[in-house]
Structure formats: structure tokens, C-alpha cells
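Remarks on the overall topology
Read off the chains here:
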Amino acid sequence: MTIEFPEVAKKERDCITRRLNLTDQPGEWRGLALSGGGIRSAAFAMGVLQSLEGKCLDGFHYLSTVSGGGFTGGALTWFRSLGVPFPFGVRGQGSRCDTVGPATKLLNHIRQRGNYLDPGRGLTMASLLAVTLRTMLLTAATYLGLAALVFWGLLELGWLSSAPGRPLNDLMRFGGLALALFAVGAALYSLATLGLSPPRPKRTTRASSSWRYALRRTSQKASGMALTAAMVALAIGAIPIVVGGVAARVDPLFFRDPAERAMLIGGALFLASPLAVWMLYDKARKGAALDLPGSALAVLGASGAVLGLLFLSYGMASRMHEGFGWLAAGAIFAVALGLLRNINHFSLHRMYRDRLMEAFTPDLPVKPEGAWGPADRADQGWLADLAPCPSGGCKVCKPPSGPYHLINANVVLPNSKDIRYRGRAGDNFLLSPLACGSDATGRVWTVDFATGGEGVSLPSAIAISGAAVNAHTGGASSPTRSGALGLLMAMFGLQLGVWVANPRHKMVSRAWPNDLYPGLGGVVGVGMDENAWMVMLSDGGHFENLGLYELFRRKLDLIVVSDAGCDPKFSFADLGNAIEKARVDFGIQVTFDTPLADLVSDASTMARRGFAVATILYPNQRPGRLVYLKPTLTNDLPADLYAYRAANAAFPHQSTADQFFDEAQFEAYRELGYQLGKAVAKELPCEADRHTAPAKPTPQRAKKPALVGA
């Protein structure tokens, strides 16, 4: 049974209050949000946190992060839980000399690892390419083997065989019959509408109108089903005919054997289709939207992948039909492997998560500069263990270790029965130390939550929140929302999201996802709704990229948000999206007291300021305040920032697709966040709530998941 949000919110506030050793709840609830934007956002957010260090930072009760903001927010949460007061350096100590303190060493460690996907010491671009190819080949092999077994069955049944003088096989004839039924149904429906139309207009009775309406709906559904069945049957049945036609016309250019010819055609199409993915990624890396040529490229790539799979599998099945048992054994093995493989482990997500963990939550003491080592302790850093009240009953609380962390992800729901979630292709899915879930799926306590057979760790939660490359996600204009591109990405395993047990169905919390279920549904984009046994989680930015959604839901009195998303034209799209969702979902109005135009800078103009202030109008509650911080260039910044801008015209809004920052690039964003954050800190009521930690806390560890790993 899932948990309602009011119960979660009460538990959070009780835990935070007790942890701060207060006799009553704080007079003003405060939250800090760090937006998505990859490594760019992580660097900028680090500077913002540095500017708030001390009483300002300790005065925040909630920390809400999305994607890249979670890289830095996760590091803050992790190291403060280990007793490091502030992990991002000490004022006045920025050098790399051996005498600096541990916090400055951590700062150096992180800012020199902005290229976290290519760290070196054996973990090079070759490793990244190898993992990508491994994932692509074995994922595709599962679906190839499955299709080959289906074709083999059709050949054994004789449905793909054609008799002399009758070139059409049974499957083609079935497709033709389905098309004929579609045409006959259309004709009959046309005649029915004529017969049901009275010679003179008159009002129909309620019963007559309902009957006609039901007839229309039934005919619409039946027409769609008949047309789909016809297209599938004709496409599959046409493959032997196409192979035979090529044999008769261009025989010298191809193998004479039909099976070999089919595999040659299929292999060429299948191997060429990933090029479409790369070309589309390259467009995104350069900041280009999915325009008409890009959409056409996605459709062509998806068509090539599907047709290539069909031709390849038909060629394999033809050999199997001729008695090549080893091919049948290989197909069965590929399908069995797909059933047994945990695709959360065997995916790009796992590599992405490990590199982030090693860069932002390394083992203490940190390794010397230039070294890249494992992060064994964070690897077992369970999210549930970070709960302020590990006993689960708010009787024994841990001492303060920073704001309560809300990690925002997106649950992918393109097939939702609810139009709210289907239109957005998802819902905000929260990962936090106490509870995990969403409105669509319900919520469970984190100690009971599982990511496909395992509990969830802090590094896993951060990586899930940053899973930007994922199929069937985002708004209506998002490239990844495209069905064709989604099919390409999922078929080759080119996505960073993970499958998790739906909180609605606790009985599958220890099951693991495989290539057939739920993987096959994820390829074709079906069965991805709030009632599925397993649901996919992706980047929180696919729903709301600022981390404001959950803070608005909690009706906080003061919210400070760092918006470091890529916005070179200062369109404030992420801010607009957050405000629109707050109004529609919570009835909250946000009105700016200072103009957003003051934040705009370009090649010839400096912004008047780096932040704006707004009033949050909650229904039936006193108003709150929103302080909105944006990367922009103002007067009186350090000279090195202007120099970096002169050499890099896109700064401070370089593409999010660039996840390979060198030290100078990381440092430019960090310093900009620090300088703009200092101006914000001057405007904030930075006197933290007075509290003293419990004298002798006796924290109890949260219940550990039965299976190890995250």
C-alpha cells in the first residue's frame, strides 16, 4: 500500500525539527534548489554553495536537486553525512599545496575532474566506446534472436512459403485479407451512416445518440486494429519476395543464396542505423533542435534498424529452417541471455553512475592530483541511511548534516491512462532518504524501495536524476519524445535511465528488469504507464529542470534557486515550465518583483544583476519569496571570467551535451556562481535557526535492502 504525500511531508518536517533539536517547527521554512545542466550546472552550483557557506547554508531546511545540480548537491549531502563540515574548500585556501586542508583537497579533486567520463588511468574514451558497443551489440542480439525465432516458426508452419505460380505467401494473403476487411468495413460504415441519417433533420433521443456514438467508437477502434494487422503482415510477408526480387534482377552484385543475400541487406541497414543516432546527438551537442531534417533522419534511422532486423532475422531463420541447428541454438541463447540479464547493470547507466561517484564522492582521504581511484564507501552509501531519523519513528535523530535532500527524477509515462501524465510523458519522481515515488505511481518508504532487484544508493539516485539521454521522455517538442528516435535509442540500449519496481506493486520489488520485460515494451514505447509492474526513471529535467516542483509542493516560505540550464537566448524556458506546473498542479502564482530583463547579457551588454526576486502566492497561506539566480555576466567580475568569455563566446551557456570540462572551464563556471551568489547572500536573512545537536545521539542504521549494490 502506497503512502500519501501529507504523511511524507509531516514525517519530513518532524524529522528536520527534531534533528535540529527545536521545541517547535521553524518560523520560516527554507529551500535551496540546484538546477539541471550537466557538469556546467554542477560547477556553477558549487560556486553558489560556496557563497552561502556558513549561516546562510545552514539556514536551509531542504535541498532540491535535478541532474547536474545533483552532482554537487550529492557531494554536499554525502560528505556532510561523513562529518566534513563543508567539502568545497575553505575561504582563502585555493592552492594545490600539500598544506591545505581536506576540504580544499576535495575541491581540487572535483574541479580537476570535469571530464568525468574520460578520467584516464585505464578509464579512457576507449573504455566508454567499449561499454557503449558492448551494450549496443548484446541488446540488439537479444531482439535479433527473438525475431529469428519468430521467423523460424513462420517458416516451419509454411506461412512464408510460396507455391509455384502463386508468389504471395500465406502472411501476404493474410495482410491482403485484413486490408480487404478494412475496405469493406469502411464501405459498410459509409452505408450505415446513410441509413441512419433521417430525411429531415430532427432531434435524436438520448438512447439513439448513445447507440450511434458507441458504434462510431467501435468502428474507429476496429479500423485501426485491421490496418495495423495488415501493415505488419504485409511488411513481414514481403521480405521473402523482396529477397527473391533482388535475386532475379541484381544477382551479380549479391550472394546467390537467398539467406545470405537477406543477411547482407539486413546487416547493411542494421549497422547503418546507429549512424543516425550519432548524427542526431551531434546536432544536440551543437545546440540544434530536432528540426524537420532531424526528424526525417530519426525516421530513416528507425526504419533502417527495424528493416535491418527483419532481413537479418529472416536470413538466419532460413538457415535454421534448412537444418542449421547452431544458428537456432545461438538465437535461443541470445533470448535466454536477454531474459537473465539485469539491464540496469548491463547498461550505460552503470558506467555513468560509477564515473560520477568517483568524481564527486571519492573515498577519504582523496587521492593525489592526477589519480583516479574507486569510491568504495559511496558505492554502499544507501540513500535510506541518510534519513535524519533512521529509527523510522522520529525518536532518535542524527545531528544536523545539512539540508534534507530531495533528488528529482522523472518517471516515463508516454502510455499513461491519465492525460495529465501522458501529455507530459511522465511525472516528477522523488528520491529522498525517507520516501520515494510520485503522484502517478504512489510513494513508499525508501527502505522498501528497489531499483530492479536492489536498494537505491545516493550515487545511483544522483545518476538517475541526471539520466538525460533516454527514450520516450520530455515535452512535446523534445527530440527524445520522438517515437522513431526512441525506438533507435532503446533498441541499441543507448539510454541512461533505469527500470524500477513500481511503488504500486511491492511484490515485484526484488525482481530485475530484462530485455524482454520490460525492455521490449520500452523499445516500441508500449506498456509504459503508472500501472505497469516496472517503470523507467530518467532525468528529472525531463519533467522540471529547476528542482522547484517539490519545494513548491511543500509551500516553503523562502526558496533560492540556481538556474544553470543552457539558455543562451535568455528565454527562461525552465523557469516558465516550473511556474506553469506550479499553477496547474498546486494553484500557486509566482509574480516577479524585479524584472527578469535585468539578468540578460549579450556580447555587447552586461546584465544589471545576476538574480531576480519574486513573490510566491500560495492558496490560503501567507506568501513566500523566490530568489532566482541565473548565470550571466555583470560588471565588477574577476578579470579571468571576461578573458574566458573572450576566448569562448558561448560562455556562460555552453552546450549541456559537452560533459568533458577541463579545469579552466569548470573553474570559470564555479567562480561565476560564487561571485553572483555573494550578491544573493547579501539579500538573504542568513541568520540560521539556533539549535544545538543532541549531546549523545545514538543513531540506528536504516533497514538495509536484502541485496547488495545500487
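All of these numbers come straight from a predicted model, not from anything done at the bench.

About the cut-offs
- Residues numbered from 1 in each chain as written.
- Predicted model: local features only at pLDDT ≥ 70, side-chain atom pairs only at ≥ 80, totals over all residues.
- Heavy atoms only, no water.
- Helix = DSSP H or I, 4+ residues; strand = E, 2+ residues; numbered from the N terminus.
- pLDDT = per-residue confidence, 0-100.
- Contact = heavy atoms within 4.5 Å.
- Salt bridge = Lys/Arg side-chain N within 4 Å of Asp/Glu carboxyl O.
- Buried < 20%, exposed > 50% of the residue type's maximum accessible area, 1.4 Å probe, protein only.
- Phe/Tyr/Trp six-rings, centres within 6.5 Å; stacked < 30°, edge-to-face > 60°.
- Lys NZ or Arg CZ within 6 Å of the ring centre and 35° of its normal.

**Overview of the environment of A511**
- The residue A511 is located in the loop between β7 (498–501) and α17 (519–524) in this model.
- Along the sequence, A511 and V500 sit eleven residues apart, while their C-alpha atoms lie 9.0 Å from each other.

**A look at the confidence of the model for the protein chain**
- Per-residue pLDDT for the protein chain averages 82, and the proportion of residues at 70 or more is 82%.
- Mean pLDDT across the secondary structure elements of the protein chain bottoms out at helix α9 (residues 258–285), with 69, and peaks at helix α18 (residues 549–553), with 98.
- Across residues 688–710, confidence stays below pLDDT 50; counting only partners more than four residues off in sequence or on other chains, it has 57 contacts.

**Focus on the pattern of salt bridges**
- Summed over all chains, the structure comprises 25 salt bridges.
- The salt bridge involving E358 is made with R355; its shortest N-O contact spans 2.9 Å. Of this pair, E358 and R355 both sit in helix α12 (residues 348–360), three residues apart, which is roughly one turn of the helix. R355 matches E358 in its accessibility class, with the two residues each being buried.
- A salt bridge links R608 to D598; the nearest nitrogen and oxygen atoms lie 3.6 Å apart. Here R608 is found in the loop between β10 (589–592) and β11 (611–617), whereas its partner D598 is found in the loop between β10 and β11, with ten residues between them in sequence.
- Judged by its relative accessible area of 69%, R608 is exposed.
- Under the relative-accessibility criterion, D598 is labelled buried at 8%.

**Here's the deal with unusual backbone geometry**
- For the bond running from Y517 to P518, omega is 5 degrees, close enough to zero to count as cis.
- The topology assignment puts P518 in the loop between β7 and α17.
- Cis geometry is found at the peptide bond from F651 to P652, where omega equals 10 degrees.
- As for its position among the elements, P652 is in the loop between α20 (639–647) and α21 (663–683).
- A positive phi is found at A425, a non-glycine position, where the angle reads about 60 degrees.

**A look at the packing of aromatic side chains**
- The full count for this structure, using the stated rule, is 16 aromatic pairs.
- Geometrically, the ring pair formed by F543 and Y549 is edge-to-face, given 4.9 Å between the ring centres and 85 degrees between the ring planes.
- Look at Y549 and F586: their rings are 4.9 Å apart centre to centre, the planes differ by 45 degrees, and that puts the pair in the tilted class. On the criterion of sequence distance, the pair formed by Y549 in helix α18 and F586 in helix α19 (residues 573–586) is long-range, its members being 37 residues apart.
- The exposure class of Y549 is buried, given its relative accessible area of 3%.
- The exposure class assigned to F586 is buried, which follows from its relative accessible area of 19%.
- Site record: aromatic cluster; members linked through ring pairs are F71, Y116, Y352 and F360.
- For R134, the ring lying beneath its charged end belongs to F346, and the centroid distance is 4.6 Å.
- Over the ring of F5 we find R553; its NZ or CZ atom is 5.0 Å from the centre of that ring.

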